[in-house]
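Examining the three-dimensional arrangement
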Number of protein chains: 2
Amino acid sequence: MSKYTPQYGQIRTTEGLGKLARAHRKTRRLTLDTLSGLSDLSPKFLSEFERGKPTAEIGKVLKALRILGLEVIVRPVRSNVKRNQEA
Amino acid sequence: MSKYTPQYGQIRTTEGLGKLARAHRKTRRLTLDTLSGLSDLSPKFLSEFERGKPTAEIGKVLKALRILGLEVIVRPVRSNVKRNQEA
DNA sequence: CCATAAATGTCCCGTACGGTAAAAATAAAT
DNA sequence: ATTTATTTTTACCGTACGGGACATTTATGG
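Residues numbered from 1 in each chain as written. Chains lettered and ligands numbered in written order. Predicted model: local features only at pLDDT ≥ 70, side-chain atom pairs only at ≥ 80, totals over all residues.

The next subject is the sheet that holds strand E2 (residues 70–76) of chain B. Pairing in this open sheet of four strands is antiparallel, and the strands run E1(A)-E2(B)-E2(A)-E1(B) from one edge to the other. Across the chains shown, the open sheet's two edge strands, defined by having one partner strand only, are strand E1 (9–11) of chain A together with strand E1 (9–11) of chain B. On average, each strand axis in the sheet is inclined to that of its neighbour by 40°, with strand direction left out of account. In terms of strand pairing, strand E2 (residues 70–76) of chain A meets E2(B) through seven bridges, oriented antiparallel. (Pairing = 2+ DSSP bridges. Helix = DSSP H or I, 4+ residues; strand = E, 2+ residues; numbered from the N terminus. Axes fitted to C-alpha atoms, helices over the stretch in contact; angles between N-to-C directions.)

Rendered as C-alpha cells:
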C-alpha cells in the first residue's frame, strides 16, 4: 500500500481534500509545476492546497480539481437521490 | 417547478455550488441567520458564498455544507470506482 | 552515494477576506 | 396595501491571500 493511494469519496476537511488531490495527481504522474502550467495556478498555491490550507480560495480549488480530472458531487447526507442518476 | 429546487449532483463552479446550497437551505426552511448561528459563520459570508463568490475560503465553505447536511464527494471523472462503495 | 527533480519556504507586494454593526433593499406574510 | 422577515449592502477593521522571484529542503532515480 503506497503512501499515495487516492482515497476517493466523501470529503469532510481541507486536509482530506488536499491529500486526495495530491495522491490523485501522483497517480497521473503530474508534477506541481505541470499542473501549475495547465491550471494557471502557482506551484505555491497548489502545494499549500494539497497540504490542507483551509483559507484557500474555493474557485481556485475547484479549478485545480477540474484540471486534475476530478469531479465534485454535492448531495444531501444519506441522500434518497439515486446515485446512478448523478451524471 | 420552484425557483429554489436543489440540483444535487456534480458541481463545476462556485455559482453552481452556491445556488445548490441556497436551494437546499430553503428546502430546510433555514434562514441565513439561523445557519449563521449554527455554523458560526457570518450572514454576510454565507450570503456571498451562496451568490457564488469564487474567493471564499474553502474551509468555511466545507463547514457550511456540513452544517447544512450536504456531503461532498470527490472522485475521478468517469470513475471506474463503484459508486455504491463511496459511503 | 550523487545528481537532479520536485516540493517547500522566504520576502515583498497589491489586493481583498471575513467579521461587526447598522442601514438599505428585497422578499414574504398578513 | 401594509407590515414583518430576510437578504444584501455599506463602512470600517485587522488579518492574510496568491503571485513572482529566488533560496532551501526533500524526494527520486541511477
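Past the structure itself, the notes keep going.
A word on the protein's contact with DNA strand C. Near DNA strand C there are 17 residues, and of these A:Leu32, A:Ser47, B:Ser42, B:Phe45 and B:Thr55 occur at the shortest range. Listed by contribution, the elements that provide at least two residues to the surface near DNA strand C are helix H2 (32–39) and helix H3 (43–50) of chain A together with helix H3 (43–50) of chain B. The element contributing the most residues to the surface near DNA strand C is H3(A), with four residues. Classifying every residue of the surface near DNA strand C by side-chain character gives five nonpolar, four polar and eight charged. (Near = placed C-beta within 6 Å. Nonpolar A, V, L, I, M, F, W, Y, C, P; charged D, E, K, R; others polar.)

Turning our attention to the pairing of E2(B). Where burial is concerned, most of E2(B) is hidden: six out of the seven residues are buried. Here E1(A) runs beside E2(B); their pairing, made up of three bridges, is antiparallel. Within E2(B), the residue paired with A:Gln10 across the bridge is B:Ile73. (Buried ≥ 20, exposed ≤ 12 C-beta atoms within 10 Å, placed from the backbone.)

Between chain A and chain B, the contact holds 33 residues from the first and 33 residues from the second. Listed by contribution, the elements that provide at least two residues to the side of chain A that touches chain B are E1, helix H1 (14–27), helix H4 (58–67) and E2 of chain A. For the side of chain A that touches chain B, the element with the most residues is E2(A), which contributes seven residues. Tallied by class, residues from the side of chain A that touches chain B come to 17 nonpolar, nine polar and seven charged. (Contact = placed C-beta atoms within 7 Å.)

Our focus in this paragraph is the relation of the copies chain A and chain B. Screw-axis analysis of chain A against chain B gives a translation of 0.0 Å along the axis, an RMSD of 0.0 Å, and a rotation angle of 180°. Such a combination of rotation and displacement between the chain copies is what one expects of a two-fold axis. Looking at the interface residues of chain A, 100% of them are also at the interface in chain B, so both copies use one shared face. (Least-squares fit on C-alpha atoms with pLDDT ≥ 70 in both.)

Residues with a pLDDT of 70 or more make up 87% of chain A, whose mean pLDDT is 91. Both scores are given for the predicted complex: the pTM is 0.90, the ipTM 0.90. (pLDDT = per-residue confidence, 0-100.)

Right, let's get into the nonpolar core. Membership of the largest hydrophobic core comes to 36 residues, with the highest contact counts inside it found for A:Leu65, A:Val74, B:Leu65 and B:Val74. Those elements giving two or more residues to this core turn out to be H1, H3, H4 and E2 of chain A together with helix H1 (14–27), H3, helix H4 (58–67) and E2 of chain B. Ignoring sequence-local partners within four residues, the contact set of B:Val74 consists of A:Tyr8, A:Ile11, A:Leu17, A:Leu20, A:Leu65, A:Leu70 and A:Val72. (Core = buried A, V, L, I, M, F, W, Y, C linked by C-beta atoms within 7 Å.)

Near DNA strand D there are 18 residues, and of these A:Ser42, A:Phe45, A:Thr55, B:Leu32 and B:Ser47 occur at the shortest range. Broken down by secondary-structure element, the contributors of at least two residues to the surface near DNA strand D are H3 of chain A together with helix H2 (32–39) and H3 of chain B. Residues of the surface near DNA strand D, tallied by class, amount to five nonpolar, four polar and nine charged.

This paragraph deals with the packing of H2(B) against H3(B). Residues and elements named next belong to chain B. Taken N-terminus to C-terminus, the directions of H2 and H3 make an angle of 115°; their axes are 9 Å apart at the nearest point. Classed by the angle they form, the pair H2 and H3 counts as roughly perpendicular. Both H2 and H3 take part in a crossing whose hand is right-handed. Within the contact between the two elements, H2 uses Leu 32, Asp 33, Leu 35 and Ser 36 and H3 uses Pro 43, Leu 46 and Ser 47. Residue composition of the contact of H2 with H3, by class: four nonpolar, two polar and one charged. (Parallel < 35°, antiparallel > 145°, perpendicular 65-115°, else oblique. Left-handed = near helix turned anticlockwise from the far one by under 90°.)

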